[in-house]
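Residues per chain are reported as follows:
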Amino acid sequence: MNRWFKWLFNAESPGPARAKSEGNVRIADDKVIYSAREGFRETVIDLSKLQYVYLYMTESRQNLVLNDYHQHFIPCSVNGFANFFQHLARRLSLDEKVFYENLNKNKPQKTELWRGDNSNNGRISEQFEPTDLRKALARGFCIHSQPEQQISWDMTSEALAGSAFVYQEKNEYELTELCFRHPVQLGNLILDDWRYYLPIHLRLDVPLDSFYTNLHMDGNGDQNYFLAKKALVAVLGETNEGYERNDQNACYWHFEGLKFSLIYWYDSQHGYESGYAYLAVQNERAYPDYLIDSEYEQNGTISKLMLLDKSFTIGSDFRRSRYFLKTPQLAASMLSPEKQFMIWMDEANGKVGFANKDHAMIFPLAVVTQFQLENVYPGRSGGGTYFSAVLQDNARQSILVGDCNALDPFLNSIAELVQLPIIELPPSEA
């Protein structure tokens, strides 16, 4: 046993370079409990949810990395590490020899010691012609229930959430998802696990947004990526964009207003191998009917207005805000190349509007408590100005985005026009 191993198991200390850290680690009730320092908040790692274990070494530190959907770094010098590691090795059948050999090398490295045995959740169907699958995929996907159910991409989120063939659950990050009770067919892929994000910041009364799965077709490894890619190419055709590098493989298809993404991660300086292929479908269809308020087109009025000689982008979209609309004709007719943005009051309808030539945010005055302006100075990114409305429920609705400080000269006039407070938040740096 060399001096490092003797020190690790408290037999001797090789000197100040290997000084013990102040923290403590132990295992209790199949959970790892780690504190970086006495009195600090404890980190609890659930071994039943463990995805992988790595040895990660830098020039100055040796860490065991545990991932239970959250990344945890435990220094090998922490108090109690020897007993913790022996218990962990027995619990997971870790290859202790690999750990000791690499620990003794004392050089920067990242070594996988263990990975969970994830069961396969996807396979390829050979029963249909690719042309038929393409047509079906343009419409939606199929649930292999009895009887089978066809799900249209145009279905609303609330309709899907209320259906009998899904259930809700919190994922590992405490976000709500819809999970399917039966396998789903997506093109020629049969997926036993297919999930729909149900984020609280998106509207539920609009068409479906984003699905995903962490795909295992043949154990752990990049074969999951290449098998899925081959299957998708057979239906969607060659990829529209992508790359295959030492740190990551990624490919994308743009198909009938849908974006298909397939990604695999390898060990890299800042990341760890995924073991699965991440497959996602994003609905990017426009749905123009959701951008038109026919009643307001007919009955909207302009009581007071401001025309700005600046260009601003409307900072939202129809999925995030019911107040996001196509610019109504009464406002569009006021705009010109010299005056590209306008703000108006509609006292007859109790509304306030903000618009460029394409899109607008139009709020009932009764739902707005104040507006907020934040300027972000250029740093690593370009910076900008961000103007938002704060609603009665304290939700913030982004209104416009522009160049840093571009809205500042107009603030007093805007406040006088809308008769609501405008709060200037402290500037920050991008």
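Our subject in this report is the structure included herewith. (Residues numbered from 1 in each chain as written. Predicted model: local features only at pLDDT ≥ 70, side-chain atom pairs only at ≥ 80, totals over all residues. Heavy atoms only, no water.)

This part covers the overall build of the chain. Broken down by element type, the chain carries 9 helices and 31 strands. Taking 430 residues into account, the globule formula puts the C-alpha radius of gyration at 22 Å, and the chain, at 28 Å, lies well above it. Considered along the principal axes of its C-alpha atoms, the chain spans approximately 85 × 60 × 40 Å. When the 430 residues of the chain are sorted by exposure, 46% land in the buried category. Counting only contacts in the chain whose residues sit at least 6 apart along the sequence, the fraction spanning at least 24 positions is 57%. Positive and negative charge centroids in the chain, built from 41 and 55 side chains respectively, lie 5 Å apart. (Helix = DSSP H or I, 4+ residues; strand = E, 2+ residues; numbered from the N terminus. Rg over C-alpha atoms; globule rule 2.2 N^0.38 Å. Buried < 20%, exposed > 50% of the residue type's maximum accessible area, 1.4 Å probe, protein only. Contact = heavy atoms within 4.5 Å. Lys, Arg positive; Asp, Glu negative; His and termini not counted. Charge placed at Lys NZ, Arg CZ, Asp CG, Glu CD.)

Here the idea is plain: a probe the size of a water molecule rolls over the atoms and shows the empty space left. Considering only enclosed or pocket space, the largest pocket measures out at about 880 Å³ in volume. Forming the boundary of the largest pocket are 32 residues, of which Gln51, Tyr69, Glu172, Asn214 and Tyr276 lie nearest the centre. Class assignment for the residues of the lining of the largest pocket results in 10 nonpolar, 14 polar and 8 charged. Roughly 330 Å³ of volume is contained in the second largest pocket. Here the residues of the lining of the second largest pocket are counted per class, giving 5 nonpolar, 6 polar and 5 charged. (1 Å grid on protein atoms, 1.4 Å probe; cavity = no way out; pocket = protein on both sides within 12 Å on 5 of 7 lines; lining within 4 Å. Points joined across faces, edges and corners; volume = space filled by probe spheres on them. Nonpolar A, V, L, I, M, F, W, Y, C, P; charged D, E, K, R; others polar.)

So, about the pattern of salt bridges. This model, assessed by the stated rule, comprises 17 salt bridges. Of the charged contacts, one joins Asp193 and Arg195 as a salt bridge, the two residues approaching to 3.0 Å between their closest N and O atoms. When the shortest N-O distance is used, the salt bridge between Asp205 and Arg203 registers 3.0 Å. Judged by its relative accessible area of 23%, Asp205 falls in the partly exposed class. Three or more residues are tied together by salt bridges with common partners; here these are Glu169, Glu177, Asp193 and Arg195. (Salt bridge = Lys/Arg side-chain N within 4 Å of Asp/Glu carboxyl O.)

A few words now on empty space enclosed by the protein. Using the criterion set out here, one finds 2 cavities of 30 Å³ or more in the structure. Computed from the structure, the largest cavity encloses a volume of approximately 60 Å³. As for the largest cavity, its lining consists of Ser157, Tyr196, Tyr197, Leu198, Pro199, Leu202, Arg203, Leu204, Val206, Pro207, Asp209 and Arg319. Class assignment for the residues of the lining of the largest cavity results in 8 nonpolar, 1 polar and 3 charged. Reported here for the second largest cavity is a volume of approximately 40 Å³. Forming the boundary of the second largest cavity are Leu291, Ile292, Asp293, Tyr296, Glu297, Leu325, Lys326, Pro328 and Ile362. Among the elements of the structure, helix H7 (294-299) and strand S23 (324-326) are those that each provide at least two residues to the lining of the second largest cavity. In terms of residue class, the lining of the second largest cavity is made up of 6 nonpolar, no polar and 3 charged.

Time to look at helix H6 (residues 223-236). With 14 residues, H6 extends 19 Å between its outermost C-alpha atoms, agreeing within 8% with the 20 Å of an ideal straight helix rising 1.5 Å per residue. Restricting attention to buried positions, one finds in H6 the residues Asn224, Tyr225, Ala228, Ala231, Leu232, Val233, Val235 and Leu236. At the exit of H6 stands Gly237, carrying a positive phi of roughly 90 degrees. (Expected span 1.5 Å × (residues − 1).)

Pairing analysis gives 2 bridges linking strand S22 (residues 313-314) to strand S29 (residues 396-402), with the strands arranged antiparallel. Looking at S29, one finds that Ile314 is bridged to Leu400. Pairing geometry for strand S28 (residues 384-391) and S29, over 6 bridges, is antiparallel. By the bridge assignment for S29, Phe387 is matched with Leu400. (Pairing = 2+ DSSP bridges.)

Counting residues in each nonpolar core, the largest one holds 40 residues, and the members touching the most others are Phe141, Leu160, Phe180 and Leu186. A per-element tally of this core places H6 first, with 7 residues. For Leu186, the contacting residues outside a window of four places in its chain are Leu137, Phe141, Trp153, Leu191, Trp194, Phe260, Leu279 and Val281. If you look at the next biggest cluster of nonpolar residues, it comprises 34 residues, including Leu291, Met345, Leu407 and Ile414. (Core = buried A, V, L, I, M, F, W, Y, C linked by side-chain atoms within 4.5 Å.)

Interhelical geometry of helix H4 (residues 130-139) versus H6 gives an angle of 85 degrees and a closest axis separation of 8 Å. On the basis of their axis angle, the class for H4 and H6 is roughly perpendicular. From H4, Pro130, Leu133, Arg134 and Leu137 reach across to H6, where they touch Ala234, Val235 and Leu236. In terms of residue class, the contact of H4 with H6 is built from 6 nonpolar, no polar and 1 charged. (Axes fitted to C-alpha atoms, helices over the stretch in contact; angles between N-to-C directions. Parallel < 35°, antiparallel > 145°, perpendicular 65-115°, else oblique.)

Aromatic ring pairs are defined here through the distance separating the ring centres and the angle between the ring planes. Taken as a whole, this structure holds 33 aromatic pairs when the rule is applied. Ring pairs connect the aromatic residues Phe141, Trp153, Phe180, Trp194, Tyr196 and Phe211, which therefore count as one cluster. When the ring centre of Tyr272 is taken as origin, the NZ or CZ atom of Lys110, which lies over that ring, is 4.1 Å away. (Phe/Tyr/Trp six-rings, centres within 6.5 Å; stacked < 30°, edge-to-face > 60°. Lys NZ or Arg CZ within 6 Å of the ring centre and 35° of its normal.)

None of the figures reported here should be taken as evidence of function without further support.
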